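Here is how the chains run, residue by residue.
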Amino acid sequence: HDVYLRFIGTPNNQLFKLKWIKFNPIIAPYFVKANTSSNGEKISILLSQPINKVDSIYGFSVLTNNNLKNIDSIKLDDTNNRLITIFLQDPINNNDTITLSYQDGNVVSIDSLGLIEFNDVWIDNQVAGSKPYIKSILSNNEGNKISLHFSKNMPVNHRLSLRDQDRLNPMIWQDLYDPV
């Protein structure tokens, strides 16, 4: 939007356009991604923007295999105020499916906007021995190649075929893993 000013006493009620003012929208923080530690004792959550430090963070719940998991404590990282760590009372196992929710909590951005609520978001299980799963599949514009985004590091450039007998239309597995 353009902003104009009118000064008292200017001839013909002349307007002056301001070109140096820029309005930046303020957006509430939102969940970006999360994963477990390799020992399963904590979950690291990355948010879209910095949040204010508070004595006690609440509003998060963790489910493993659809069962509520007991949380020991929740802390904001000392060096990265976009990173929250949930410390669990009992570790997560390598075969657990983990989901995270946030409702009615007190996480607030430095712009005083509350974290956008979310429900049952899958968390990457990084416990040693856990099996990877496909997070997303993308194809190129021609439709002859796909990229698979896994929850863990996967070997790069392994070639598979839609039909082993003719080796047409090869699919390329790409490592798109991006840990917190």
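Residues numbered from 1 in each chain as written. Predicted model: local features only at pLDDT ≥ 70, side-chain atom pairs only at ≥ 80, totals over all residues. Heavy atoms only, no water.

Some details on the nonpolar core
Thought 1: Formed by 23 residues in total, the largest nonpolar core has its most connected members in I43, I45, F60, I84, I86, L100 and V107.
Thought 2: Counting only elements with at least two residues in this core, the list comes to β3 (31-36), β4 (42-47), β5 (60-64), β7 (71-76), β8 (83-88), β9 (98-102) and β10 (118-123).
Thought 3: Ignoring sequence-local partners within four residues, the contact set of V107 consists of L47, I51, I57, F60, I84, Y102, L113, G114 and L115. (Core = buried A, V, L, I, M, F, W, Y, C linked by side-chain atoms within 4.5 Å. Buried < 20%, exposed > 50% of the residue type's maximum accessible area, 1.4 Å probe, protein only. Helix = DSSP H or I, 4+ residues; strand = E, 2+ residues; numbered from the N terminus. Contact = heavy atoms within 4.5 Å.)

Quick notes on the layout of surface pockets
Thought 1: Taken as a whole, the largest pocket holds about 160 Å³ of empty space.
Thought 2: Here the lining of the largest pocket is composed, by residue class, of 5 nonpolar, 5 polar and 2 charged. (1 Å grid on protein atoms, 1.4 Å probe; cavity = no way out; pocket = protein on both sides within 12 Å on 5 of 7 lines; lining within 4 Å. Points joined across faces, edges and corners; volume = space filled by probe spheres on them. Nonpolar A, V, L, I, M, F, W, Y, C, P; charged D, E, K, R; others polar.)

Brief notes about the sheet that holds β5
Thought 1: Read across the sheet, 4 strands follow the order β6-β5-β9-β10 without closing on themselves; strand pairing throughout is antiparallel. If you trace the sheet from one side to the other, it starts and ends with β6 (67-69) and β10, each paired once. Strand-to-strand, the axes of this sheet are offset by a mean angle of 35°, without reference to chain direction.
Thought 2: Pairing geometry for β9 and β10, over 4 bridges, is antiparallel. (Pairing = 2+ DSSP bridges. Axes fitted to C-alpha atoms, helices over the stretch in contact; angles between N-to-C directions.)

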